[in-house]
Structure formats: structure tokens, C-alpha cells
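Each chain, written out:
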Amino acid sequence: MDLRDDQIERYARHIILKEVGGPGQARLLNARVLVIGAGGLGSPLVMYLAAAGVGTIGVVDFDEVSLSNLQRQILHITERVGMPKTESAQLAVKALNPDVNLVAHTERLTAANAMALVSQYDVVADGSDNFATRFLVNDAAFFAKKTLVSGALSQFDGQIAMFRAHKPGDNPCYRCIYREPPPPGLAPSCAEAGILGALAGVVGSLQAVEVLKEIVGIGESLSGKLVIYDALNAAWRTVKVRRDAKCALCGPTPIIKNLSQSLIGHPQPGEEFCEVPAA
Ligand code: ZN
């Protein structure tokens with residue numbers, strides 16, 4: 001793939017990196033990434049992936065921009081309040097980088113459509129804000145054999161992890177760490193819990209870094225690790241996470257064999273709970 005003169009200039013700071021170079025930039029331009037949610041995590045994710053020249057970015061979000069989103073969701077602006085978030089994301093990306101095709105999936109991610117959506121992309125980045133969607137994305141990425149880069153937020157704490165349990169070895173899935181979502185009502189809703197806006201930028205940007213590394217094929221994989229950021233204490237830690245031999249999805253005797261079994265007994269997408277995992 002030959003880069004045009006304007007692309008050589010636009011991506012000069014990538015191309016000069018010996019780990020990326022022209023071939024790495026070409027891989028980014030040919031890559032397809034699916035971002036779940038155009039909210040707090042999805043905003044920095046989409047903006048940095050678009051700036052980096054990821055050629056096709058799919059965005060799944062059924063919601064519209066509201067005024068209270070703008071404290072952290074930097075994809076959107078005041079004059080686009082009321083617009084579908086996918087449409088607002090398209091405008092933001094078009095203004096930033098015409099090389100990028102943002103595919104709007106203006107729908108709720110469900111057990112019925114998740115496989116078809118995830119299968120169209122190379123890498124999945126989850127920026128959703130509720131447990132039901134997180135489990136569903138994990139299961140769909142596993143069945144479709146796609147790497148999943150997952151981010152989560154809670155008030156002043158953030159987490160990032162990578163899951164590729166479809167590959168052999170000690171590569172856990174999300175269910176290996178969190179077997180079940182908490183019952184509805186136990187975890188506070190995001191609206192009740194609140195969040196420091198810039199924290200979403202930190203965690204979403206980390207997700208973007210891991211997605212770019214995965215596409216270019218450089219550095220050490222985050223699979224098998226959980227990075228935890230405590231903003232109030234400005235503290236980071238990385239903990240090892242292992243594959244669970246009893247995992248209902250990726251274990252040797254799985255209980256979940258397709259997505260219709262993925263959500264049994266779980267809250268449905270749209271019942272939004274903030275992530276408060278004890279890790
Ligand atoms: Zn698992």
C-alpha cells in the first residue's frame with residue numbers, strides 16, 4: 001500500500017518510529033476496529049484511533065447526546081445535544097481525518113446482533129457502561145475469535161484489560177475475572193455514582209494505545225493483566241489475572257455455548273450500572 005504525500009505528512013510522527021514505519025501505518029489504514037459506546041471511554045478511543053488513521057471505525061451506540069454527557073464525552077459538542085451519538089461521532093471524525101470511514105451502528109447491542117457486528121471487525125474495544133453489555137461483548141468477541149480491549153470507570157478509579165481467550169495459553173476472558181454481574185440494584189447507576197470527567201480520557205486513551213499496538217503488532221500484550229488506576233491517590237498497579245479452569249465460557253467444560261445463553265439471569269442492556277469490581 002503506497003501512502004499519498006498528504007498521508008506521509010499527516011502520519012510522519014508514526015512513520016518515523018522504527019516500530020511503526022510505513023508498513024505499520026499501512027496496517028492501521030487497513031484496520032477495522034469496533035468501538036462499543038460513543039461515551040466517556042468511546043470518545044478518546046474514537047478520536048485517537050481516527051487521528052492515528054485507523055481506516056474503518058465502527059461505533060455501536062443507540063443513545064443521543066445530552067448536556068450532562070459533555071463533561072467527559074469529548075466526541076460531542078454543545079450544538080449537537082439531541083443528535084444521535086453515532087452521527088455526532090461521524091461529524092467529529094470527518095472533521096479530524098478524511099482517511100477514516102466511521103460506520104454508525106445506531107442500535108443497541110443485543111444477543112441477536114452482536115455476532116454479526118463483532119465479526120465484521122479485527123479488534124473490539126469496549127467502552128460500554130453496564131455489566132450486561134460487558135458480558136455480551138466478551139462472549140461475542142470470544143466466539144468470533146477477536147481480541148477485546150476493555151475499559152471500565154467508577155468515580156475516581158479506572159481499569160483496563162485485554163481479553164483473547166480464543167488463543168491458547170493463559171489468556172483469560174472477562175468471565176474468568178468476574179463470573180457474574182452483580183444483581184440489579186447492588187451496583188450504583190452511573191448517574192448516582194458520578195465520575196471525574198478526565199478519568200474517562202485517561203482510560204479511553206490507554207485502550208486506544210493497546211488497540212494501536214495490537215494492530216501494528218508491537219510491544220507486550222496486556223492479555224493476562226489488569227491495569228488499575230486510582231486517580232485520587234495518583235497510583236497505578238498492574239495485577240496478573242489468570243484463566244479460570246471453571247469459566248462458563250472459555251473453560252474446558254463451557255456452559256455458555258452461544259450468545260442466547262450469555263445473558264440468562266443477567267440484567268438486560270439498558271439497565272445501566274457503574275462498574276465497581278473488587279479487584
Ligand atoms: Zn473465561
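No experiment lies behind these values; they were computed from the predicted model shown.

### Remarks on the overall build of the chain
Phase 1: From N to C terminus, the chain includes 10 helices and eight strands.
Phase 2: In terms of overall size, the chain behaves like a compact globule, its C-alpha atoms giving a radius of gyration of 18 Å where 279 residues would be expected to give roughly 19 Å.
Phase 3: Projecting the C-alpha coordinates of the chain onto the three principal axes gives extents of approximately 55 × 45 × 40 Å.
Phase 4: Burial status across the chain gives 53% buried among its 279 residues.
Phase 5: Partitioning the intrachain contacts of the chain with sequence separation of at least 6 by distance along the chain shows that 69% fall at a separation of at least 24.
Phase 6: Element-wise, carbon and sulfur atoms account for 55% of the exposed surface of the chain, whose accessible area totals about 12,500 Å².
Phase 7: Once the 26 positive and 28 negative side-chain charges of the chain are each reduced to a mean point, those two points are 7 Å apart.

### A short note on the coordination of the zinc ion
Phase 1: Bound to the zinc ion on the protein side are Cys 173 (SG), Cys 176 (SG), Cys 247 (SG) and Cys 250 (SG), at distances that span 2.3 Å.
Phase 2: The coordination sphere of the zinc ion comprises four donor atoms, whose angles at the metal cover 93 to 120°; the geometry is tetrahedral.
Phase 3: Counting gaps between the donor residues of the zinc ion yields the pattern C-x2-C-x70-C-x2-C. Taken together, the residues Cys 173 in the loop between strand S6 (157-163) and helix H8 (174-177) and Cys 247 in the segment after strand S8 (235-240) connect sequence positions 74 residues apart.

### Comments concerning the packing of aromatic side chains
Phase 1: Summed over all chains, the structure comprises five aromatic pairs.
Phase 2: A ring pair is formed by Tyr 174 and Tyr 178, whose centres lie 5.0 Å apart and whose planes are at 55°; its orientation type is tilted. There is no split in this pair, since Tyr 174 and Tyr 178 are both buried.
Phase 3: Their ring planes at 20° and their centres at 4.3 Å tell us that Tyr 229 and Trp 236 sit as a pair that is stacked.
Phase 4: For Trp 236, a relative accessible area of 47% puts it in the partly exposed group.
Phase 5: It is Arg 32 that lies over the ring of Tyr 121; its NZ or CZ is 4.9 Å from the centre.
Phase 6: Taking NZ or CZ as reference, Arg 108 lies 4.0 Å from the ring centre of Phe 62, over its face.

### With respect to the sheet that holds S8
Phase 1: A sheet is described by the order of its strands in space; here eight strands give the open sequence S3-S2-S1-S4-S5-S6-S7-S8, paired in mixed fashion. Lying at the two open borders of the sheet, with one neighbouring strand each, are strand S3 (101-105) and S8. Strand-to-strand, the axes of this sheet are offset by a mean angle of 15°, without reference to chain direction.
Phase 2: Pairing of strand S2 (residues 56-60) with S3 involves five bridges; the strand directions are parallel. By the bridge assignment for S3, Gly 58 is matched with Val 103.

About the cut-offs
Residues numbered from 1 in each chain as written. Predicted model: local features only at pLDDT ≥ 70, side-chain atom pairs only at ≥ 80, totals over all residues. Heavy atoms only, no water. Helix = DSSP H or I, 4+ residues; strand = E, 2+ residues; numbered from the N terminus. Rg over C-alpha atoms; globule rule 2.2 N^0.38 Å. Buried < 20%, exposed > 50% of the residue type's maximum accessible area, 1.4 Å probe, protein only. Contact = heavy atoms within 4.5 Å. Areas by Shrake-Rupley, 256 points an atom, 1.4 Å probe, with all protein chains shown as cover. Lys, Arg positive; Asp, Glu negative; His and termini not counted. Charge placed at Lys NZ, Arg CZ, Asp CG, Glu CD. Donors = N, O, S within 2.8 Å, 3.2 Å for Na, K, Ca; no water. Tetrahedral: all angles 85-135°; square planar, octahedral: opposite > 155°, others 65-115°. Phe/Tyr/Trp six-rings, centres within 6.5 Å; stacked < 30°, edge-to-face > 60°. Lys NZ or Arg CZ within 6 Å of the ring centre and 35° of its normal. Pairing = 2+ DSSP bridges. Axes fitted to C-alpha atoms, helices over the stretch in contact; angles between N-to-C directions.

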